[in-house]
Amino acid sequence: LNRIVLSLVPLFSFLYTSIYYVIQGESYQIFWLCNILNLVLFVALLFNFLAHIWSSTILLLIGMPLWLYEDVVVNHVFRWNAFFVHVVAAIVGLMVMRTNLYPKYVKTISVFWLVIGILLARIFTDFSHNVNLAFFVYPTLVKVFPSFLIYSLFNFISFFIGIWALDKLLQNKIASVTKAE
């Protein structure tokens, strides 16, 4: 499929989710990193910014189990808008990655978007909503992490390890598929 046509998928996911949250009176939810990444993926696909396609896809893949745990396991909820944001957009990213060579600076750009997501949450959302875990230790983890600083460092290091590992895995898998074709 044409990259520009594929770019409409994350745009649809972002708009669908944004409209859903505005209707629910929860517009702060738009600032979750995975929603922002759908907008990034849309622009990256539209303008063929390969490193941003890779980084947004990697971060969406890292966010997928977190979303599944929070929504499905803890809250026993399945929302189609969240499915599009986390799963469908990541599949689109993987499809495009499969047909392109590996770009430079993917890990650096991934960390950049992670930090941007936290900063946007701190600027545009209320403390009580804790979007992107930007304000306080998640309530179920207070016993494990006695301070927000330790919690934030743990999250950042975990994301960085996830970014590094997925980057290496996808780089090897995608490179072998691209060479085979």
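Residues numbered from 1 in each chain as written. Predicted model: local features only at pLDDT ≥ 70, side-chain atom pairs only at ≥ 80, totals over all residues. Heavy atoms only, no water.

Chemist: Would you mind going over the overall build of the protein chain in detail, with residue names and values included?
Modeler: Within the protein chain, the secondary structure is distributed over six helices and zero strands. When the helices and strands of the protein chain are placed in sequence order, the string is α-α-α-α-α-α. In summary, the protein chain has a C-alpha radius of gyration of 16 Å against a globular reference of 16 Å for 181 residues, a match within 12%. Projecting the C-alpha coordinates of the protein chain onto the three principal axes gives extents of approximately 50 × 35 × 30 Å. Going through the 181 residues of the protein chain one by one, you find that 43% of them count as buried. Taking contacts inside the protein chain between residues at least 6 apart in sequence as the whole, the part at least 24 apart equals 69%. With an accessible surface of roughly 10000 Å², the protein chain has 74% of that area assigned to carbon and sulfur atoms. Across the protein chain, the centroid of the 10 positively charged side chains sits 14 Å from that of the 6 negatively charged ones. (Helix = DSSP H or I, 4+ residues; strand = E, 2+ residues; numbered from the N terminus. Rg over C-alpha atoms; globule rule 2.2 N^0.38 Å. Buried < 20%, exposed > 50% of the residue type's maximum accessible area, 1.4 Å probe, protein only. Contact = heavy atoms within 4.5 Å. Areas by Shrake-Rupley, 256 points an atom, 1.4 Å probe, with all protein chains shown as cover. Lys, Arg positive; Asp, Glu negative; His and termini not counted. Charge placed at Lys NZ, Arg CZ, Asp CG, Glu CD.)

Chemist: So what about a nonpolar patch on the surface? Which residues, and what values?
Modeler: A contiguous nonpolar surface patch, about 850 Å² in accessible area, is contributed by F12, Y16, L68, Y69, V72, V73, V74, F78 and W80. If you list the elements that add at least two residues to the nonpolar patch, you get α1 (3-23) and α3 (50-74). With five residues, α3 is the largest single contributor of residues to the nonpolar patch. Considering the arrangement of structural elements, one finds V73 in helix α3. Residue V73 is classed as partly exposed on the basis of its relative accessible area of 49%. (Patch = residues over 30% accessible without salt bridge, like charges linked within 9 Å, V, L, I, M, F, W, Y side chains within 5 Å. Salt bridge = Lys/Arg side-chain N within 4 Å of Asp/Glu carboxyl O.)

Chemist: How would you explain helix α4 (residues 80-98) if you had to name every residue and give the values?
Modeler: An α-helix turns once per 3.6 residues; consequently, residues spaced three or four apart project the same way. Helix length check: α4 (19 residues) gives 26 Å between terminal C-alpha atoms against 27 Å at 1.5 Å per residue, within 8%. The sharpest bend along α4 measures roughly 25 degrees and falls at V88. Along α4, the positions that sit buried rather than exposed are N81, A82, V85, H86, V87, V88, A89, A90, V92, G93, V96 and M97. (Expected span 1.5 Å × (residues − 1). Bend = angle between axes of the 7 residues up to and from the residue.)

Chemist: Residue-level account of the layout of surface pockets, with values.
Modeler: For the largest pocket, the calculated volume is near 1300 Å³. W32, L66, N132, L133 and Y138 are, among the 47 residues lining the largest pocket, the residues nearest its centre. Mapped onto the lining of the largest pocket, the elements with two or more residues apiece are α1, α2 (33-47), α3, α4, α5 (106-124) and α6 (148-180). Broken down by element, the lining of the largest pocket gets its largest block of residues, nine residues, from α3. (1 Å grid on protein atoms, 1.4 Å probe; cavity = no way out; pocket = protein on both sides within 12 Å on 5 of 7 lines; lining within 4 Å. Points joined across faces, edges and corners; volume = space filled by probe spheres on them.)

Chemist: How would you sum up the packing of α2 against α3? Please name residues and give values.
Modeler: For the pair α2 and α3, the least separation of the axes is 9 Å and the interaxial angle reads 155 degrees. It follows that α2 is roughly antiparallel to α3 by the angle criterion. The hand of the α2/α3 crossing is left-handed. Taking contact as the criterion, the partners of C34, L37, N38, V40, L41, A44 and L45 in α2 are, on α3, H52, I53, S56, T57, L59, L60 and G63. Split into classes, the residues belonging to the contact of α2 with α3 amount to nine nonpolar, five polar and no charged. (Axes fitted to C-alpha atoms, helices over the stretch in contact; angles between N-to-C directions. Parallel < 35°, antiparallel > 145°, perpendicular 65-115°, else oblique. Left-handed = near helix turned anticlockwise from the far one by under 90°. Nonpolar A, V, L, I, M, F, W, Y, C, P; charged D, E, K, R; others polar.)

Chemist: Describe the pattern of salt bridges, naming the residues involved and giving the relevant values.
Modeler: Inspection of the entire model under this criterion finds two salt bridges. Note that D167 is salt-bridged to K107, the shortest N-O span being 2.9 Å. Taken as a pair, D167 in helix α6 and K107 in helix α5 lie far apart in primary sequence, 60 residues in all.

Chemist: So what's going on with the nonpolar core? Residues and values would help.
Modeler: Core analysis: the biggest nonpolar cluster contains 36 residues, and I53, W54, I58, L59, L60, I62 and L170 have the highest contact counts within it. At the level of secondary structure, the elements contributing two or more residues to this core comprise α2, α3, α4, α5 and α6. If one sorts the elements of this core by residue count, α3 sits on top with nine residues. In contact with I53, not counting residues within four places along its chain, are L41, A44, L45, N48, G93, V96 and M97. Among the nonpolar cores identified, the runner-up in size contains five residues, and A121, V131, A134 and F135 belong to it. (Core = buried A, V, L, I, M, F, W, Y, C linked by side-chain atoms within 4.5 Å.)

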